[in-house]
Amino acid sequence: EVFQSTGTASKREADRIASKSEQSIRQEIEDARNGQHEKYFFEAIELYAQKGIDLYYLPTVNKHLGMYPLSQITQELIDEKARIAFPNHKNSYVVRAFYSPVCTILNYAHRTLKWCDKFYIAKPKIEATPPVWAEMEWFEIVWEYCSPEFRAFSSLLSDTGARASEGLSLLPETVNLEEKWA
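What counts as what
Residues numbered from 1 in each chain as written. Predicted model: local features only at pLDDT ≥ 70, side-chain atom pairs only at ≥ 80, totals over all residues. Heavy atoms only, no water. Helix = DSSP H or I, 4+ residues; strand = E, 2+ residues; numbered from the N terminus. Rg over C-alpha atoms; globule rule 2.2 N^0.38 Å. Buried < 20%, exposed > 50% of the residue type's maximum accessible area, 1.4 Å probe, protein only. Contact = heavy atoms within 4.5 Å. Salt bridge = Lys/Arg side-chain N within 4 Å of Asp/Glu carboxyl O. Axes fitted to C-alpha atoms, helices over the stretch in contact; angles between N-to-C directions. Parallel < 35°, antiparallel > 145°, perpendicular 65-115°, else oblique. Left-handed = near helix turned anticlockwise from the far one by under 90°. Lys, Arg positive; Asp, Glu negative; His and termini not counted.

Caption draft 1: Structural detail: the overall build of the chain. Along the backbone of the chain there are 8 helices and 0 strands. Along the chain, helices (α) and strands (β) appear in the sequence α-α-α-α-α-α-α-α when read from the amino end. Against the globule reference of 16 Å for 182 residues, the chain gives a C-alpha radius of gyration of 30 Å, more extended than a compact globule. In terms of overall dimensions, the chain has C-alpha extents of about 100 × 30 × 25 Å along its principal axes. Across the 182 residues in the chain, those meeting the buried criterion constitute 24%. Of the contacts made within the chain by residues no fewer than 6 positions apart, 51% connect residues no fewer than 24 positions apart.

Caption draft 2: View of the pattern of salt bridges. For the coordinates displayed, the defined rule picks out 3 salt bridges. When the shortest N-O distance is used, the salt bridge between Asp15 and Lys11 registers 3.4 Å. Taken together, the residues span about one helical turn, with Asp15 and Lys11 both in helix 1 (residues 11-33) at a distance of 4 residues. Residue Asp15 is classed as partly exposed on the basis of its relative accessible area of 44%. The residue Glu13 makes a salt bridge to Arg16 at a minimum N-O spacing of 2.7 Å. Placement of the pair is Glu13 and Arg16 together in helix 1, with a separation of 3 residues, close to one helical turn. Here Arg16 falls in the partly exposed class, since its relative accessible area comes to 46%.

Caption draft 3: Looking closely at the environment of Gly167. Within the secondary structure layout, Gly167 lies in helix 8 (residues 164-169). Measuring from C-alpha to C-alpha, the distance between Gly167 and Arg26 comes to 70 Å, with 141 residues separating the pair along the chain. In this structure Gly167 touches Phe153, Leu156 and Leu157, once residues within four positions along its chain are discounted.

Caption draft 4: Representation of the packing of helix 4 (residues 75-85) against helix 5 (residues 91-111) within the structure. Between helix 4 and helix 5, the shortest axis-to-axis distance is 10 Å and the interhelical angle comes to 135 degrees. Considered as vectors, helix 4 and helix 5 are oriented oblique to each other. In terms of crossing hand, the pair formed by helix 4 and helix 5 is right-handed. When helix 4 is examined against helix 5, the residues Gln75, Ile78, Asp79, Lys81, Ala82, Arg83 and Ala85 are found in contact with a partner set consisting of Asn91, Val94, Phe98, Tyr99, Val102 and Leu106.

Caption draft 5: Representation of the side chain of Glu43. The residue Glu43 is located in helix 2 (residues 41-49) in this model. In this structure Glu43 is buried but unpaired, with Lys39 as the nearest side chain of opposite charge at 5.1 Å. The contact partners of Glu43, leaving out residues within four places of it in the chain, are His37, Glu38 and Trp115.

Structure follows, in structure tokens:
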């Protein structure tokens, strides 16, 4: 038996409020038995976890959003919980560690489970830091301590902009230095 104040001195009003409350509780129990209860974020995480996919960031997301029904998850709530979870981190980390897993779970709840509508999440803007390229003086200092092979390799990469994997895949017969092609 549950005792709860109805907040009224009128017995008739109190009985009406109590009856309405009991009906609501009975309906929730019936819905839960029929699998029609409101779905929570943690339930979507649990089902997603059963797929055997890497769950590295999901415990943090679950800690902050797990007890919310999917219907109550909003952009404002996600933004608030992300900054609580990672108050001193750069936007790039917060996107990777919080926003991306949230998007994954919400997409899974929408596409696979059919528990919620499609939800678009705006992620924080990530400021791209322009690269700082090494000057030729730096290479000249470093090359004093390198083997001739590495000097040639690093020269190829710095002069052409080729990736290391591209430079490593070159063979002498596939390079023509006079005509400058590879």
